[in-house]
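If you want the building blocks of each chain, they are given just below.
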Amino acid sequence: MSKKTIPSNIFSPIKHRYSLALREIDAEEPDILDVGGYTSRKAIADDFFNSLKYTSLNIGTAWYQDVFADFQYDGLNIPFADKSFGYVISVDVLEHIPKENRLHVISEMVRVAVKRTIVVTPFRTLNVETDESYILDICKRYDITPPPSLVEHEFYGLPILQDIKEYVSLLKGTFKYATFKKDYWYLQTTMLWNTISLNGKSEDINRKVQDFQEKQLEQQPYPKDEKDAYRCVLIFDK
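A quick note: this is a predicted structure, and the numbers were derived from the prediction, not measured. (Residues numbered from 1 in each chain as written. Predicted model: local features only at pLDDT ≥ 70, side-chain atom pairs only at ≥ 80, totals over all residues. Heavy atoms only, no water.)

Draft legend 1. Just helix H1 (residues 14–22), in detail. H1 sits mainly inside the fold: seven of its nine residues count as buried. Every buried residue belonging to H1 is among His16, Arg17, Tyr18, Ser19, Leu20, Ala21 and Leu22, and all of these are buried. (Buried < 20%, exposed > 50% of the residue type's maximum accessible area, 1.4 Å probe, protein only. Helix = DSSP H or I, 4+ residues; strand = E, 2+ residues; numbered from the N terminus.)

Dropping the structure here:
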């Protein structure tokens, strides 16, 4: 293999993680701001509501293709007035923000929401190695280009559960565990091993694995314990 020229072809179950936020919206025609989203994500939200107004806000384009947001911002201060949107969601974004800015960014989301803010984020427990570290190690060992998202996870660090509980307490919210960790990472790792064993020719089969994982995750209940969960859902009501 040529060094670091083969993409890992690990495809995240996007619909699943968005469903964790969208199912917390109790309106038939909501006005949603998606912080960290892209215009393409509206197609996912369309399946949940009769109609909706969807606005995406991001710091730039997507990693994998030219996918744009409706508005760009500095990643810190949301450029809208107080109570500008009925609902504000943020899906797997918190881990791409420097730790010292996370509480401020959540506060900004709460500020511009009228009814509810929903933040979906992966998390880690202190002093426990993450599955992301294992994936990155395998990519390095086999000269595979790692997923950019996981590189940022490693760089900024997944939110620690203790910090998440502090955010929820300070902003008077609630949270629940989501996404069974083992089931999620077993299939994500399968995609990487497919890429290695097929010498990079794994996109088609890994897309099928992605579709299977979407269906599998949507059939599962929420985890009840932190040791079983990869994500959690933070909810802040006005």
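Draft legend 2. Region of interest: the side chain of Glu24. Secondary-structure assignment places Glu24 in the loop between H1 and strand S2 (31–35). A distance of 2.9 Å separates a polar atom in the side chain of Glu24 from a polar atom in the side chain of Lys176. Residues contacting Glu24, with those up to four places away along its chain left out, are Arg116, Ile118, Lys176, Tyr222, Val233 and Ile235. (Polar contact = N/O pair within 3.5 Å; in protein donor to acceptor, adjacent residues only side chain to side chain. Contact = heavy atoms within 4.5 Å.)

Draft legend 3. Quick peek at the packing of helix H4 (residues 131–141) against helix H5 (residues 148–156). Where H4 contacts H5, the two axes come as close as 10 Å, and the packing angle between them is 120°. Relative to H5, the element H4 is oriented oblique. In this structure, H4 meets H5 at a crossing whose hand is left-handed. In this structure, H4 uses Glu132, Ser133, Ile135 and Leu136 to contact H5, whose residues at the interface are Leu150, Val151, His153 and Glu154. Of the residues belonging to the contact of H4 with H5, the class tally is four nonpolar, two polar and two charged. (Axes fitted to C-alpha atoms, helices over the stretch in contact; angles between N-to-C directions. Parallel < 35°, antiparallel > 145°, perpendicular 65-115°, else oblique. Left-handed = near helix turned anticlockwise from the far one by under 90°. Nonpolar A, V, L, I, M, F, W, Y, C, P; charged D, E, K, R; others polar.)

Draft legend 4. A look at the packing of aromatic side chains. Counted under the stated rule, the structure contains 10 aromatic pairs. Where Phe71 meets Phe80, the ring centres are 5.3 Å apart and the plane angle is 90°; that geometry is what we call edge-to-face. Of the residues examined, Phe71 reaches a relative accessible area of 40% and is grouped as partly exposed. Of the residues examined, Phe80 reaches a relative accessible area of 18% and is grouped as buried. Note on Phe123 and Tyr177: the rings are 5.9 Å apart at their centroids and 40° apart in plane angle, and the pair reads as tilted. With Phe123 in the loop between strand S6 (113–122) and H4 and Tyr177 in strand S8 (residues 174–180), this residue pair connects regions lying 54 residues apart in the sequence. (Phe/Tyr/Trp six-rings, centres within 6.5 Å; stacked < 30°, edge-to-face > 60°.)

Draft legend 5. Local environment of the nonpolar core. Ranked by size, the top nonpolar core spans 28 residues in total, and within it Leu33, Val35, Ile78, Val88 and Leu234 carry the most contacts. Elements supplying a minimum of two residues to this core: S2, strand S5 (85–91), helix H3 (102–112), S6, helix H6 (161–170) and strand S9 (229–237). At five residues, the largest contribution of residues to this core is made by H3. Contacts of Val35, omitting those with residues within four sequence positions, involve Leu57, Tyr73, Ile78, Val88, Ile89, Ser90, Val91, Val93 and Met109. (Core = buried A, V, L, I, M, F, W, Y, C linked by side-chain atoms within 4.5 Å.)

Draft legend 6. Spotlight on the sheet that holds S5. With mixed pairing, the seven strands of this open sheet are ordered in space as S4-S3-S2-S5-S6-S9-S8. What marks the edges here is a single partner per strand, and that holds for strand S4 (71–72) and S8. When S8 meets S9, the two strands line up antiparallel, connected through six bridges. In the sheet register, Lys176 faces S9, and the bridge partner there is Val233. Across the sheet, helix H7 (residues 181–197) is in contact with S8 and S9; its angle to S8 comes to roughly 45°. (Pairing = 2+ DSSP bridges.)

Draft legend 7. Structural detail: the pattern of salt bridges. Going through the model one piece at a time under the given rule, you end up with 13 salt bridges. Note that Arg116 and Glu24 form a salt bridge whose closest N and O atoms lie 3.9 Å from each other. Taken as a pair, Arg116 in strand S6 and Glu24 in the loop between H1 and S2 lie far apart in primary sequence, 92 residues in all. Pair check on accessibility: Arg116 and Glu24 agree, each one buried. Residue Asp225 is joined to Lys227 by a salt bridge in which the shortest nitrogen-to-oxygen separation is 3.8 Å. Asp225 sits in the partly exposed class, given a relative accessible area of 32%. (Salt bridge = Lys/Arg side-chain N within 4 Å of Asp/Glu carboxyl O.)

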